[in-house]
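# Fold and geometry: a report
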Amino acid sequence: MDNKPLIDWHSMFMGVALLAAARSKDAKKRNGACIASRDNKILGVGYNGLPRGCDDADPAYWADDDSDPLNSRHSYIVHAEVNAILNCVVLPLTDGTIYATQFPCPRCTQSIIQAGIRRVFFLEKKDHHQAANSASAKMMADAGVEAHQLSETAAAAAQWCEELADFIQGKH
């Protein structure tokens, strides 16, 4: 008998982030996040979506004119990382780890740092957001928050998560 788990911790927590992302109604980009404690307990989960009370059926919330904040979904969407922090079941998050499907933007990085999270694992980084990525990386480095792309840290977990993402999206 082989009493070993089928997946490692990275796979589990990023898998939870991927499953959370599947709940997002943002057809342009579905993101998820999962916060874990040092002792591998899930503390919070979130996905990108509208704040409570905002009607998902209102097309104004999903408009794509980034030159006009009133008509840009980016003005309204709560990012997955912030939702995971706000949805936490216990506090504090000191010394926690957040698993995010995407590299955190500067606003999310601020929340991650303020909440006391010390490690970030992410699946992908938007190359066309180089300046924002650099701002996030600077804040994390200055605050002593580690950031790791899962494929560079835990290749087997990254591969498993890629297969899970394909399965969730019906590409299996």
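Residues numbered from 1 in each chain as written. Predicted model: local features only at pLDDT ≥ 70, side-chain atom pairs only at ≥ 80, totals over all residues. Heavy atoms only, no water.

## Regarding the sheet that holds strand β2 (residues 42–47)
Under the convention used in this document: Strands are treated as partners if at least two bridges between them are detected by DSSP. Only DSSP runs of H or I covering at least 4 residues are called helices, and only runs of E covering at least 2 are called strands; the numbering of each starts at the N terminus. Angles shown run from 0 to 180 degrees and are taken between the N-to-C directions of axes, each axis being a line fitted to C-alpha atoms and, for helices, limited to the stretch in contact.
Spatially, five strands are ordered β2-β1-β3-β4-β5 in an open sheet, and the strand pairing comes out mixed. The sheet is open, and its two edges are formed by β2 and β5 (146–149), each paired on a single side. Averaged over all neighbouring strand pairs, the angle between strand axes comes to 15°, with direction disregarded. Relative to strand β4 (residues 119–124), strand β3 (residues 97–102) runs parallel, the two being bridged by five bridges.

## A closer look at the pattern of salt bridges
When the charged atoms of two side chains lie near each other, side chains of opposite charge can form a pair. We apply this condition: One side-chain nitrogen of Lys or Arg within 4 Å of one carboxyl oxygen of Asp or Glu is enough to make a salt bridge. Burial classes follow relative accessibility: with a 1.4 Å probe on protein chains only, a residue under 20% of its type's maximum area counts as buried, one over 50% as exposed, and anything between as partly exposed.
If you walk through the whole model with that rule in mind, you get nine salt bridges. Among the salt bridges present, the one from R73 reaches D26, with a minimum N-O distance of 3.1 Å. Of this pair, R73 sits in the loop between β2 and α2 (80–86) while D26 sits in the loop between α1 (9–21) and β1 (32–36); the two residues are 47 residues apart in sequence, bridging distant segments of the chain. Both residues of the pair, R73 and D26, belong to the buried class. One salt bridge connects E124 with K29, and the closest N-O pair in it is separated by 2.4 Å. Linking E124 in strand β4 with K29 in the loop between α1 and β1, this pair joins segments that are 95 residues apart in sequence. You can call E124 partly exposed: its relative accessible area is 35%. K29 gets classed as partly exposed once you look at its relative accessible area, which sits at 25%. Shared partners join several salt bridges into a network, and the residues in it are D26, K28, D64 and R73.

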